[in-house]
Amino acid sequence: MPAPGSAAHLDWPWTLAIASFILAQVLLSVFSLHRLVTLLRCRRARGIAPTNDCASIDWPRVTVQLPFYNERAVAVRAIDTAARLEYPGDRLQIQVLDDSTDDTRSRVSERVRAWQASGVDITLLARSTRDGYKAGALAAGLARATGDLIAVFDADFVPAPDFLSRIVPHFTAPRIGMVQARWSHLNRDRSPLTAGQAVMLDAHFGLEHEARMAAGLFFNFNGTAGVWRRECIVDAGGWMHDTLTEDLDLSYRAQLRGWRFRCVSALDVPAELPADVLAFKAQQRRWAQGSIQTARKILPRLLRARLSPQVKLEAVLHLTANCAYPLLLLSGLLLAAVIAAPPVLSPGLALALDLVAIAVGVLPILLFLSVGQLVRGSRGVRTIGDVCAALWVGAGLVVNNTGAVIAGLCGDAGTWERTAKTGEREGGADRRSYDSPFDRGVGFEIAFAVGFALLAGLAWSKGHVRPVPFLLLLSTGQGFVAALSLLEHRRARRPDSGRDPAGYAAASSGPASQIAEGSSGRARMRSG
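Residues numbered from 1 in each chain as written. Predicted model: local features only at pLDDT ≥ 70, side-chain atom pairs only at ≥ 80, totals over all residues. Heavy atoms only, no water.

## Side note on helix α4 (residues 133-144)
Moving on, step 1. When the terminal C-alpha atoms of α4 are compared, their 18 Å separation across 12 residues agrees well with the 16 Å that a helix rising 1.5 Å per residue should span.
Moving on, step 2. Taken together, the buried positions of α4 are Lys134, Ala135, Gly136, Ala137, Leu138, Gly141 and Leu142. (Helix = DSSP H or I, 4+ residues; strand = E, 2+ residues; numbered from the N terminus. Expected span 1.5 Å × (residues − 1). Buried < 20%, exposed > 50% of the residue type's maximum accessible area, 1.4 Å probe, protein only.)

## As for the packing of helix α6 (residues 192-214) against helix α13 (residues 363-376)
Moving on, step 1. At their nearest, the axes of α6 and α13 sit 8 Å apart, and the two run at 75° to each other. Overall, the two elements α6 and α13 adopt an arrangement that is roughly perpendicular. Of α13, the residues touching α6 (which contributes Ala198, Val199, Met200, Asp202, Ala203, Leu207 and Glu208) are Phe368, Leu369, Val371, Gly372, Gln373, Val375 and Arg376.
Moving on, step 2. Taken together, the residues of the contact of α6 with α13 sort by class into 9 nonpolar, 2 polar and 3 charged. (Axes fitted to C-alpha atoms, helices over the stretch in contact; angles between N-to-C directions. Parallel < 35°, antiparallel > 145°, perpendicular 65-115°, else oblique. Contact = heavy atoms within 4.5 Å. Nonpolar A, V, L, I, M, F, W, Y, C, P; charged D, E, K, R; others polar.)

## Some remarks on the packing of aromatic side chains
Moving on, step 1. Throughout the structure, instances matching the rule amount to 13 aromatic pairs.
Moving on, step 2. Taken together, a centroid distance of 5.6 Å and an interplanar angle of 70° make the contact between Phe218 and Tyr252 edge-to-face. With Phe218 in the loop between α6 and β6 (226-229) and Tyr252 in helix α8 (residues 246-256), this pair connects stretches of sequence that are 34 residues apart.
Moving on, step 3. In this structure Tyr252 comes out as buried when scored by relative accessible area, which is 0%.
Moving on, step 4. Here Phe448 and Phe452 contribute two aromatic rings whose centre-to-centre distance is 6.0 Å and whose plane-to-plane angle is 25°, an arrangement assigned as stacked. Of this pair, Phe448 and Phe452 both sit in helix α16 (residues 442-461), 4 residues apart, which is roughly one turn of the helix.
Moving on, step 5. Among the residues examined, Phe452 registers a relative accessible area of 3% and is labelled buried.
Moving on, step 6. A connected cluster of aromatic rings, assembled from ring pairs, spans Phe219, Phe221, Trp228, Trp239 and Phe261.
Moving on, step 7. Here the basic side chain of Arg130 rests over the ring of Tyr69, its NZ or CZ set 3.6 Å away from the ring centre. (Phe/Tyr/Trp six-rings, centres within 6.5 Å; stacked < 30°, edge-to-face > 60°. Lys NZ or Arg CZ within 6 Å of the ring centre and 35° of its normal.)

## Things to note about the pairing of β6
Moving on, step 1. Judged by which residues are buried, β6 turns out to be covered on both faces: Gly226 and Trp228 on one side and Val227 and Arg229 on the other are all buried.
Moving on, step 2. Relative to β6, strand β4 (residues 149-152) runs antiparallel, the two being bridged by 4 bridges. Among the inter-strand pairings, Ile150 is bridged to a residue of β6, identified as Trp228.
Moving on, step 3. Across 3 bridges, strand β5 (residues 176-185) lies against β6 in antiparallel orientation. Among the inter-strand pairings, Gln180 is bridged to a residue of β6, identified as Gly226. (Pairing = 2+ DSSP bridges.)

## Re the sheet that holds strand β1 (residues 62-68)
Moving on, step 1. In spatial order, the strands read β3-β2-β1-β4-β6-β5-β7; together these 7 strands make up an open sheet with mixed pairing. Of all the strands in the sheet, just β3 (122-126) and β7 (260-271) have a single pairing partner and so form its edges. Taking each pair of neighbouring strands and ignoring which way they run, the sheet shows an average axis angle of 20°.
Moving on, step 2. Lying on the sheet, helix α3 (residues 104-117) is in contact with β1, β2 (92-98) and β3; it crosses β3 at an angle near 155°.
Moving on, step 3. Together, β1, β2, β3 and β4 form the strand contacts of α4, whose direction differs from that of β2 by roughly 145°.

## Structural notes on unusual backbone geometry
Moving on, step 1. Even without glycine at this site, Asn70 takes up a positive phi of about 50°.
Moving on, step 2. With respect to the helices and strands, the residue Asn70 is situated in the loop between β1 and α2 (75-83).
Moving on, step 3. The exposure class of Asn70 is buried, given its relative accessible area of 10%.
Moving on, step 4. Phi at Tyr133 takes a positive value of approximately 55°, unusual for a residue other than glycine.
Moving on, step 5. Within the secondary structure layout, Tyr133 lies in helix α4.
Moving on, step 6. For Tyr133, a relative accessible area of 24% corresponds to the partly exposed category.

## As for the nonpolar core
Looking at soluble globular proteins, one finds that nonpolar side chains tend to be buried together.
Moving on, step 1. Ranked by size, the top nonpolar core spans 48 residues in total, and within it Val64, Phe163 and Leu164 carry the most contacts.
Moving on, step 2. The leading source of residues in this core is α2, at 5 residues.
Moving on, step 3. Here Leu164 is in contact with Trp59, Val62, Val64, Leu85, Tyr87, Leu92, Ala151 and Pro169, once residues within four sequence places are set aside.
Moving on, step 4. Membership of the second largest hydrophobic core comes to 26 residues, among which are Leu278, Leu329, Ile339 and Val481. (Core = buried A, V, L, I, M, F, W, Y, C linked by side-chain atoms within 4.5 Å.)

## Digging into the pattern of salt bridges
Moving on, step 1. Applying the stated criterion across every chain, the model contains 22 salt bridges.
Moving on, step 2. Salt-bridge contacts for Arg61 lead to Asp121; the nearest nitrogen and oxygen are separated by 2.9 Å. Residue Arg61 is located in the loop between α1 (12-45) and β1, and its partner Asp121 is located in the loop between α3 and β3; the two are separated by 60 residues in the primary sequence.
Moving on, step 3. For Arg61, a relative accessible area of 21% translates into the label partly exposed.
Moving on, step 4. Given the relative accessible area of 28%, Asp121 is considered partly exposed. (Salt bridge = Lys/Arg side-chain N within 4 Å of Asp/Glu carboxyl O.)

Encoded structure:
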């Protein structure tokens, strides 16, 4: 036995495990410090915001695309919202791109005919197959689009009537290829799950997009609530479906061609956050897997391009950010070796290293999420609770997103999983129309939740107190997500789970007279 405080000799398995743990911590610190760099860029960018370049323009022709796949709960509302956009009627085309295989198609067809009868230029493009998934639908619509600008809204997004009149003037600046609006949230306060998602998205739009735009770095279209210049889409090679994040892929290809992007944080579009954990996990799997697929596809070309080192480094960190999930999982597992190994550092040095790890790896994330809420206008105890919910939800995604990252590194494009929509609003009833398929990863989540809890107990018993909060966060996060997944699967098996709530379809599809009344609002906009 070595003397207390002296360095112990470690066999190579211990050495390898501890060295791997240190490497994982270093890489996690890089992603964490990147958040701090983003905050510094935001501070320098304060007051820098895109503004309308002229008070009066010759309004270009706009095509609004609404891609649907089995969206019975929200499709009618999305069509009505698009048809009531305030924009010159002779310069607005609406395309409903419906790949549905259920009764959504009949509801959509009826609503489109009603708006056509009221004089709105709206068409229904219904494909017989889902070739290319959402990217395929958008490409099919683009081939028939008449607009110079292409606006895209997912089924659950509800833009204000003046959305186009506020966003279109940004395209008067040269080489602007895409303008992205900010997402806001219809059901933010429904649960800790939705509150945590809102915090992460608020920081993404309010900090990341703003910082990257101000620094001249690449950032991405978020798949909805944005407008593209048609010429930009075509020049970049069009919509492709060789990744699960067609929006991220096209964004990088367009910016490599020299097109500029803008984000407009002052313009928000309300949307529904996934309130069911199975739907949320499916969304996060698609985003994580697709971002890694895009990194594999784009980074070799980007790193060879004649771009500044700053642009290249930011692109690498942006596209590989989801690698933080397997690094977190690996760190948690390797803590077992750190706890069980003979001590090799003096207590004082071990404490100093732990404090550095907290300062570098944890505090930037907390600061990033908190500032995102402050920018949004949130204050007080609620902000603390929402940020804690975001950390908890993020910890609960570790197993789910680690699998997605591995799939993105090793597999092909895979299957595009839709995010089930319910049509609910803030504080509204749970109007379930679809149930997400059961996630087979729940067993792994339960196993890791139990394992991390046992490891926390082991650490405490051996006097290793400092890793206990991290291990408990991983354990409770995985346990929370797994428990919700099991509850939702059980609820989905009830006989009445998939039925359309009584009265909801009727409430969503008013008489044609209401359509005609609503369509008159589109003419009430400022003229060019």
